[in-house]
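# Working through the structure, step by step
For reference, the chains in residue letters:
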Amino acid sequence: MTRAHQLKVAILISGRGSNMAAIARACAAGRVQATIARVIADRATAAGVVLARQLGLEAEVIEAREGAGRAAFEAALMRSLQDCGAELVILAGFMRILSADFVQHFAGRMLNIHPSLLPQYKGLNTHRRVLEAGEREHGTSVHFVTDELDGGPVICQARVAVLAGDSEQTLEARVLALEHRIYPYVVGLIATDRLELRGHTVVLDGRALTAPLFYPHDDELKQATA
Ligand code: GRF
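Anyway, here's the lowdown on the structure attached to this text. Predicted model, so just to flag it, every value in this text is computed and none were measured.

The rules behind each value
- Residues numbered from 1 in each chain as written.
- Predicted model: local features only at pLDDT ≥ 70, side-chain atom pairs only at ≥ 80, totals over all residues.
- Heavy atoms only, no water.
- Pairing = 2+ DSSP bridges.
- Helix = DSSP H or I, 4+ residues; strand = E, 2+ residues; numbered from the N terminus.
- Axes fitted to C-alpha atoms, helices over the stretch in contact; angles between N-to-C directions.
- Contact = heavy atoms within 4.5 Å.
- Buried < 20%, exposed > 50% of the residue type's maximum accessible area, 1.4 Å probe, protein only.

## Considerations on the sheet that holds strand E3 (residues 59–61)
- Pairing within the open sheet is mixed, and its eight strands lie in the order E3-E2-E1-E4-E5-E6-E7-E11. Unpaired on one side and paired on the other, E3 and strand E11 (213–215) mark the two borders of the sheet. Across this sheet, the average inter-strand angle for adjacent strands is 20 degrees, counted without regard to direction.
- Examined bridge by bridge, strand E1 (residues 7–13) and strand E2 (residues 34–41) share seven bridges and lie parallel to one another. Paired with Val-9 across the strands is Ile-36, a residue of E2.
- Helix H3 (residues 69–83) contacts E1, E2, E3 and strand E4 (88–91) of the sheet and is inclined by roughly 160 degrees relative to E2.
- Of the strands in this sheet, E1, E2, E4, strand E5 (110–114), strand E6 (137–144), strand E7 (154–161) and E11 touch helix H6 (residues 168–191), which is tilted by about 155 degrees from E7.

## Observations regarding helix H1 (residues 18–28)
- Counting buried positions over the eleven residues of H1 gives nine, a clear majority of the element.
- Along its buried surface, H1 packs onto E1, E2, helix H2 (47–54), E4, E5 and H6.
- Where H1 terminates, the next one or two residues include Gly-30, which has phi positive at roughly 80 degrees.

Keep in mind that these numbers describe shape and distance, not what the molecule does.
Laid out in structure tokens, this is it:
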């Protein structure tokens, strides 16, 4: 590790928080050299808030008050992120669209995980849409966030075969298991200063990625997430 201190990350959630927990456990186990400065949920009912506290993390709820609009919510979120010293913002099942200005402020320092093989199936209900389309393959992508929804440069993907008899639930479960491997891995690459965004190019170990890292075909990734 070359940096003087561990990278401070904030994780933004709206729901169950299983990706948040996977990243937190990887940090706690020393597999990822980062510190979770704060977990922030945009709804008090998010199960991930309870889970975060069970994991010993500081969890805050910032709800958008009715009528107050996006600007007030984002101002409160920005204050919280600055207050906890977040250097990297990790969206993990965060269901709110952030403004272009907000995203721009964290350019190259904000990640998202989306349950599809981007650029295919941006948006909601990806598992259902993949089944309805009769696809044979599905997966998940970790990407840098830009102001294009689910459109930022992709860093790492994992794929699963769609099996005969799959339901949304069975497909989601297999995708989620891979998300829990690739998301901590990508956070670890950033925490050790190996991965960065330059313009719209993802750079790993000083070299531009010509295609996303692919789990499980990438040997290093396989080892790191074993
Ligand atoms: C994941 O499938 C992720 O890809 C998507 O939302 C889901 C979040 O699940 N963005 P969890 O809250 O991390 O369990």
